[in-house]
Amino acid sequence: MAEIVLKVYVQPRSSKNEIVGPYRDGIKVRVTAAPVEGRANEALLRFLAKEFGVTPSSIEILRGHRSREKIIIIAASLDRELQALQGTFKKSC
């Protein structure tokens, strides 16, 4: 089991869920949910789970529950992570 730690900058109330790309020292992710009652955090976790091909329970917010800047940990098999990253690189090339 491998763990990946990401710094994520979240932009809530976007028109669509998407990974924008590198931003400062992390990545920027847009989510459609509003930052009310944890909805944006839930949307972020579901979206990242889908993008990385893992279950939402494999992703956790370590720090930044009430901030746009978050530290996320993704725990999954290394094979899945590599396949997800490989797919991401193919899309951007």
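For the structure, check the block above.
Quick caveat: nothing in here was measured; it's all calculated off a predicted structure. (Residues numbered from 1 in each chain as written. Predicted model: local features only at pLDDT ≥ 70, side-chain atom pairs only at ≥ 80, totals over all residues. Heavy atoms only, no water.)

To continue, consider the pairing of strand S5 (residues 69-76). Among the 8 residues that make up S5, 6 are buried, leaving the element largely enclosed by the rest of the structure. Here strand S1 (residues 2-11) runs beside S5; their pairing, made up of 8 bridges, is antiparallel. The residue bridging Val5 from the neighbouring strand is Ile73, located in S5. What sits between strand S4 (residues 59-63) and S5 in their antiparallel hairpin is a turn of 5 residues, with Gly64 showing a positive phi close to 100 degrees. (Buried < 20%, exposed > 50% of the residue type's maximum accessible area, 1.4 Å probe, protein only. Helix = DSSP H or I, 4+ residues; strand = E, 2+ residues; numbered from the N terminus. Pairing = 2+ DSSP bridges.)

Over its 14 residues, helix H1 (residues 39-52) runs 20 Å from end to end, which matches the ideal 20 Å to within 8%, given 1.5 Å per residue. Taken together, the buried positions of H1 are Ala40, Asn41, Ala43, Leu44, Leu45, Phe47, Leu48, Ala49 and Phe52. Downstream of H1 by a residue or two, Gly53 has a phi angle that is positive, lying close to 70 degrees. (Expected span 1.5 Å × (residues − 1).)

Shape is all these values report; function is a separate question.
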